[in-house]
Amino acid sequence: MLAAVERTGPSRVPMHFMHYYNKATIEKYEPQIAKLRGTYPDDVVRGDYRKPDNPNWESLATNAIDKRSGLDQRVIIEDYTRVAAIAERIRSFGRGLDLASVEQQRKDFPKRYALGYTWFTIFERLWMLRGMENALTDFYEHPQEVRTLMRAICDFHIQAIRAYGELGYDGIAISDDLGTQISTMFSRDILIEFFVPLYREIFGAAHEYGMHTWMHSCGCVQSLLGDLIDAGLDVIHPIQYSTFPGGVSANDPREIVRRFGGKITFWAGIDVQYLMPRGTVEQVRAGVRELMDLFDGCNGGLVIAAGNGIMPETPFENIEAFFDEAYRYGRKKRISAQGRACAGA
């Protein structure tokens, strides 16, 4: 894994986030998935402190939460009248994290690449607290108040990152879905003004401990990727795109490789919207080979994954083909790369 992330010539294209299933998929294929996990284990030890009450974000509620509504419509913080007190509560979450499970993960697998998750980072946590509509308008209607809230959220994650660093983790993983299927969630100007300074602090805190920075960001993020790299991002997931007939591509993967190849490692995800549920076994295998040929540079720079949760309508033979081809072709491709001189990444 380390050689792939640092682009120093891995012996195989490593896998992480392959076993990412919708809950209904696990219920449908539980025995088969258990066997797959044993045959194709993840190349990363994942640490994740999150539990329903660790921390309890709903305890910040300033009103009754309507759980009948969609997740992006729920509002925990109805207005900003108590924002200073709420910000201090959020910081206190970071001081009170239960880290016993992530500490044990590191002790159990001391020689494996360990990735510490601090998920739902800035934008995702913001809209989970304020609701999506409020979050997107707050940048214009309540800029100072939203800065106060985002500052506290950032401080919470930096506390978690430093805890991972003290435990000897190799990298940290954050998540912020910054794109839709066809565009970004907000303008690049908003990203640069409100988000980039915080990401720079988050990535900088990880780098202080020698940890790599990984980020999951669904949707069309192509126009934002250069700013994230400049802020200190090392690994990006999933570069959402599809070549399946009728599929929608959120990004132009070839243009991304042309512009950013060698500057960032691609944690590239197979198409779970169109190819995996609708394609044939051979189309899935071909899709894996295409993805690897596109993103894996001469010196590496690719970690293969599922693009998002594998859905229950996906035939199990397609899931199995995805894993088998990723492992077989991932090894074959790296052996081929090692047999030729590399002029660059």
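Every value quoted in this text rests on a predicted model; they were computed, and no experiment measured them.

Cut-offs applied
Along each chain, the written sequence defines residue order, and numbers are assigned to residues from 1. Predicted model: local features are reported for residues with pLDDT of at least 70 only, side-chain atom pairs are reported and counted for 80 or more only, and whole-chain, interface and lining totals are derived from all residues. With hydrogens and water set aside, each side-chain value is computed from the structure's full complement of heavy atoms. Nonpolar cores were defined as sets of buried Ala, Val, Leu, Ile, Met, Phe, Trp, Tyr and Cys residues, with membership established by side-chain atoms within 4.5 Å. For every residue, the accessible area obtained with a 1.4 Å probe (protein chains only) is divided by the maximum for its type, and the residue is called buried under 20%, exposed over 50%, and partly exposed between those limits. Contacts: residue pairs with any heavy atoms within 4.5 Å of one another. Paired rings are identified among Phe, Tyr and Trp, the last through its six-membered ring, by centres lying within 6.5 Å, and are further divided according to the angle between planes into stacked (under 30 degrees), edge-to-face (over 60) and tilted (the rest). Here a strand is any run of E in DSSP of at least two residues, a helix any run of H or I of at least four, and the numbering for each starts at the N terminus. Criterion for a charge above a ring: Arg CZ or Lys NZ at most 6 Å from the ring centre, at most 35 degrees from the ring normal. To get an axis, a line is fitted to the C-alpha atoms, and for a helix only the part in contact is used. The angle between two axes follows their N-to-C directions and goes from 0 to 180 degrees. Should the near helix be turned counterclockwise from the far one by less than a right angle, the crossing is left-handed, whereas a clockwise turn marks it as right-handed.

**What to know about the nonpolar core**
Here is step 1: By size, the foremost hydrophobic cluster in this structure holds 99 residues, and its most contacted members are Ile90, Leu149, Leu178, Phe195, Tyr199, Ile304 and Phe322.
Here is step 2: Filtering out sequence-adjacent residues up to four positions away, Phe322 remains in contact with Met18, Ile270, Met276, Val284, Val288, Ile304, Ala305, Ala306 and Ile310.
Here is step 3: Ranked by size, the runner-up nonpolar core spans 14 residues in total, among them Val5, Tyr117, Trp119 and Val235.

**Here we look at the packing of aromatic side chains**
Here a ring pair, both rings aromatic, is described through the centre-centre distance and the interplanar angle of the planes.
Here is step 1: Inspection of the entire model under this criterion finds 26 aromatic pairs.
Here is step 2: Pairing Phe123 with Phe195 gives two aromatic rings, centres 6.1 Å apart and planes at 75°, and the pair type is edge-to-face. Placement of the pair is Phe123 in helix H5 (residues 123-130) and Phe195 in helix H8 (residues 188-208), with a sequence separation of 72 residues.
Here is step 3: Overall, the relative accessible area of 0% leaves Phe123 in the buried class.
Here is step 4: The buried category is assigned to Phe195, whose relative accessible area is 0%.
Here is step 5: Through pairs of rings, three or more aromatic residues link up here, namely Phe17, Tyr20, Tyr113, Tyr117, Trp119, Trp214 and Trp267.
Here is step 6: The aromatic ring of Tyr169 is capped on one face by Arg106, whose charged end is 6.0 Å from the ring centroid.
Here is step 7: In this arrangement the basic side chain of Arg147 is found over the ring face of Phe194, its NZ or CZ atom lying 4.5 Å from the centre.

**Some details on the packing of helix H2 (residues 23-39) against helix H13 (residues 316-338)**
Here is step 1: One can describe the packing of H2 onto H13 by two numbers: an axis separation of 11 Å at closest approach and a directional angle of 35°. The handedness of the crossing between H2 and H13 is right-handed. Listed contacts from H13 to Thr25, Tyr29, Gln32, Ile33 and Leu36 of H2 are Phe316, Ile319, Glu320 and Phe323.

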